[in-house]
Structure formats: C-alpha cells, structure tokens
Amino acid sequence: GPLRGDVPLPGDKSIGHRALILGALADGATVIRGLSSGEDNASTITVLRGLGVAVEREGDLVRVHGRGAEGLRAPTAPLDCGNSGSTMRMMCGVLAGRPFTSRLDGDASLRRRPMQRVVDPLQKLGARFETEDGKPPITVHGGSLRAGRIEIPVASAQLKTAVLLAGLQAKGTTTVVEPALSRDHTERMLPSFGVAVARPEPLAASVTGPARLRACEIDVPGDPSAAAFWLVAGSIVAGSRLRLRRVSLNPTRTGAIDVLRAMGARLEIASLDPIGEEPVADLTVEPAPLRATTVAGETMLRAIDELPVLAIAAAAATGVTTFADAAELRVKESDRLATMAAGLATLGVRVEELPDGLVVHGGSGLEGGEVDACGDHRIAMAFVVASLVARGPVRIRGVEAIAVSDPRFLETLERLCGGSA
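Residues numbered from 1 in each chain as written. Predicted model: local features only at pLDDT ≥ 70, side-chain atom pairs only at ≥ 80, totals over all residues. Heavy atoms only, no water.

> Explain the pattern of salt bridges to me, using residue names and the numbers behind them.
Throughout the structure, instances matching the rule amount to 35 salt bridges. The closest approach of N and O atoms between Asp-6 and Arg-245, which form a salt bridge, is 3.1 Å. With Asp-6 in strand β1 (residues 4-7) and Arg-245 in strand β14 (residues 241-248), the pair connects residues that are 239 residues apart, well separated along the chain. Residue classification places Arg-245 among the partly exposed residues on the basis of a relative accessible area of 42%. One salt bridge in this structure joins Glu-352 and Arg-350, with 3.7 Å as the shortest N-O distance. Ionic contacts of the salt-bridge type, sharing partners, join the residues Arg-113, Arg-183, Asp-305, Lys-332, Glu-333, Arg-336, Asp-376 and Arg-378 into one network. (Salt bridge = Lys/Arg side-chain N within 4 Å of Asp/Glu carboxyl O. Helix = DSSP H or I, 4+ residues; strand = E, 2+ residues; numbered from the N terminus. Buried < 20%, exposed > 50% of the residue type's maximum accessible area, 1.4 Å probe, protein only.)

Here it is as structure tokens:
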C-alpha cells in the first residue's frame, strides 16, 4: 500500500560524531540535542568513555563533560569503534596529539577498511601509527605534533577532520587541502566551540593551535542520507505522500536530492531557519514517473552514500541510468558496487558493473528474490525500499545491519504502511 505520514528521521550522524568529539575536547559540559540512536554515534560515545570522558544520555539528549584535550587519559583497553569508520578516522586525529599510546579496533567489517589514507597525512604532522597492512586495528603512539600544510589524496571529510583535530593540538597553523570539496560540518561547527576556521583557498581549511575549546549547545538536524531512502520510496510507491521535517540541507550533502529532481521526482522543499550553521528544510515527496539520468563528478561526490537507494530509483525509472566516479564505494562496509549489482540482478534488473560505478537499465520492474546485504546498513535499507515495488517477496539477509544508522527504520515503515509492511 501507499506510504503516508510524517517520517521521524535520526539525527545526522556525521554532525553527531563531530559534536561528541569536540564536546569531549572542550572545557565544560556540551549539550547535544537530536543525536541519532544508531550504533555509529554510540561507538563514538564508547570510545570517548574509554578515554575518561563522562557522557550522559537520555534518549536523543546527550551531555558531554569535556576535559579539554589535556584531560583525556590513556585507555586501559582497546577502544572499540564498532562498525564506525568515521569514529576511527577522526579519533586518529585526536589521539595523534595525546602523550600516550592507544589502540583503535572495530568489528570484522571495519577491520577490512583502508586506514592508511588517514595515517599518512597525520604522520606528516609527526604522529606515529602501527596498522595491519594499512587496516585496523590501529595503534596510535601520540605525542607532540608540528603544524603544517597537508594535501590529502581524496576528497574525504573524515580525513580532513582528522587533520584539523590534530592541528588543534599543534603549535602554529595547520592547513588541509583536498582535491574537491567534501562535507564541511567540522568547519561549520568549530566556531561554536570558539575556534576560528580560515579558508585560505577554495578547497582548503586552516586552524591555529594549540586551541582551547569551550563547551556549547548543539542541535542536530535530520540526516539527509537517511532521508534519501524515504524520498525514493515516496517517489516510486503509488499513492504515497511523505513529509520529512528539519532535514539538513548542507550543500555538500544534497546530491541525492539533485539526482532525484533530475529524474523528475516531485519534491517540495520548505526552507527553515538554520540550526547553528547548518541549513535545514522540511521536505515533502509524492510519486512521479522517474526517468534515467547520469550521476558523476561533483554530484556523485555529494551523493555517494546514497548510491544504493538511488540505484533502486534507477531500476524503477524509464531508461538507462549511469553512475560513475564512485570507486570509493568499493571500500565501504561492503563493496557497495558489487553488492548492489548482484542484488539488482537477483531481482531481475539488468545491471552492468563498472570499475567505478553501475549502469542500471530501468523500466522492466523488479522481481522477488533473496539478496545479501553483506552486513551493510545502506544496502539493507535500499533493498527494503526495492521490496515495496517488487512483484514478489524480497528476502534480505543481514537486515539487522540497519541498526547501525536507523534502528527505527522498519518500525517507521510499518507505521507509514498502516501496519501492512
């Protein structure tokens, strides 16, 4: 049946990670409202507690009792990042400047993900690391850092943030330069904690250390990556009308919205007052006949996390949609290109796997079948959306991974379907 009603989105987990970490490095108690209940943000809380930071949580309201960077204490056990690559990479930047040794570890999926890309730029600032052939676990030998100019090889907000967090602890100005503009939540949030961020070049950000952060209050808007699943579902399920409130519309995160609009989706955007430095809006979506498009370059950079569910939209659209410049997806929680290609083929969709993308032939509809999410939350949610328009039942192995980002996803779906999901 149709999906109708208001969608309760989890708080943006990218903003949540940063609020927790900066709160821990600040002097005083930082209050965070709207934090996601997903496992990724919970992993950051676990790591911070392992460093002696008191974190109190009541639902989506969190108080972080910051100790300042100097107040972090050496952990007595490995710091468990769970499935969260964001936690691990950003904490490398924090721990690089602390005068003790620590060990960052995670689950089996995280242990397969590349970490040399964050280790290399931090070592140029004087940090020392040990990895397992460039993968976790990571041993961080922290100590005195030197400021500098760091050019990172890929556009990555996690790498950029790690360098900036290290730079806050070094004497002098640290500048990080990336090849294209990645998410800028860190740069937007630091001034709330009393730290100025300079932008000496269009693709560069600088901080001057050593810096003292002061506690503040942070409101976390709705996660646009989580919103994308509902925007696609509302676009392809007949008779639907969904409203998503207070969604982050940070311009580095709106790629999926731009792609869906290019495909002919019926989206209404009602802008609201910003939350801190983050633009937000209420979104409304209704069904529309979607048409094929091409997603590449700068648009792909802003939509890369949403490719799995955009591939479902492409399967439901008329024509051939090409996704390119997405090689980064091969080293996420799963190889998302291979996993999506295999799942779509199982559901009767003609799909071609490229080294850096997918070619999806839409228009023939989706069949039922059994697909494997490979323990990847975005893959699992994407195939849940596919099941809403498939001609037969879709069985998804590994659907429990959804809890990583949105534990209420299936419950919300059932409510929006009137209990028929």
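> Break down the packing of helix α4 (residues 116-123) against helix α5 (residues 157-167) for me, citing the residues and quoting the values.
Their axes nearest at 10 Å, the elements α4 and α5 cross at an angle of 30°. Here α4 is positioned roughly parallel relative to α5, judged by the angle of their axes. Every pair of crossing elements has a handedness; the one defined by α4 and α5 is right-handed. In contact with Arg-117, Val-118, Pro-121 and Leu-122 of α4, α5 contributes Leu-159, Ala-162, Val-163 and Ala-166. Of the residues that constitute the contact of α4 with α5, the class distribution is seven nonpolar, no polar and one charged. (Axes fitted to C-alpha atoms, helices over the stretch in contact; angles between N-to-C directions. Parallel < 35°, antiparallel > 145°, perpendicular 65-115°, else oblique. Left-handed = near helix turned anticlockwise from the far one by under 90°. Contact = heavy atoms within 4.5 Å. Nonpolar A, V, L, I, M, F, W, Y, C, P; charged D, E, K, R; others polar.)

> Which residues make up the side chain of Thr-284, and what are the values?
Along the polypeptide, Thr-284 turns up in strand β16 (residues 280-286). On the basis of relative accessible area, Thr-284 is assigned to the buried category, the value being 10%. Ignoring anything within four residues of it in the chain, the contact list for Thr-284 reads Arg-241, Leu-242, Arg-243, Arg-266, Leu-267 and Glu-268.

> Explain the packing of helix α1 (residues 13-25) against α5 residue by residue, including any values.
Between α1 and α5, the shortest axis-to-axis distance is 13 Å and the interhelical angle comes to 5°. With respect to α5, the axis of α1 lies roughly parallel. Contacts between α1 and α5 involve Arg-18, Ile-21, Leu-22 and Leu-25 on the former and, on the latter, Ala-157, Gln-158, Thr-161 and Leu-165. Looking at side-chain class alone, the contact of α1 with α5 contains five nonpolar, two polar and one charged residues.

> Describe the pairing of β14, and please don't skip the residues or the numbers.
Both β1 and β14 contribute to a ladder of four bridges, which runs parallel. For Gly-5, the partnering residue across the bridge sits in β14 and is Leu-242. Sheet topology note: the β14/β16 ladder contains five bridges and is antiparallel. Across the sheet, the residue bridging to Val-247 is Ala-281, located in β16. (Pairing = 2+ DSSP bridges.)

> Could you give an account of the packing of aromatic side chains, naming the residues involved and the relevant values?
With the rule as written, the count across this model stands at two aromatic pairs. Judged by centre distance (6.2 Å) and plane angle (75°), the ring pair of Phe-229 and Phe-409 falls under edge-to-face. Of this pair, Phe-229 sits in helix α7 (residues 224-236) while Phe-409 sits in helix α13 (residues 409-416), and the two are 180 residues apart along the sequence. Taking relative accessible area as the criterion, Phe-409 reaches 2% and is therefore assigned buried. Aromatic side chains Trp-230 and Phe-409 sit 4.9 Å apart centroid to centroid with 45° between the ring planes, which places their arrangement in the tilted category. Residue Trp-230 is located in helix α7, and its partner Phe-409 is located in helix α13; the two are separated by 179 residues in the primary sequence. Exposure class is identical for Trp-230 and Phe-409. Each is buried. (Phe/Tyr/Trp six-rings, centres within 6.5 Å; stacked < 30°, edge-to-face > 60°.)

> Any details on unusual backbone geometry? Residues and values, ideally.
Going from Pro-136 to Pro-137, the amide bond is cis rather than trans, its omega being 5°. Cis peptide bonds are those with omega within 30 degrees of zero, and the linkage from Gly-209 to Pro-210 qualifies with -5°. Tracing the backbone shows Pro-210 in the loop between β11 (204-209) and β12 (213-214). If you check the backbone angles, Arg-246 has positive phi at about 55° while not being a glycine. Its place among the elements puts Arg-246 in strand β14.

So far we have only geometry, and geometry alone does not tell us how the molecule works.
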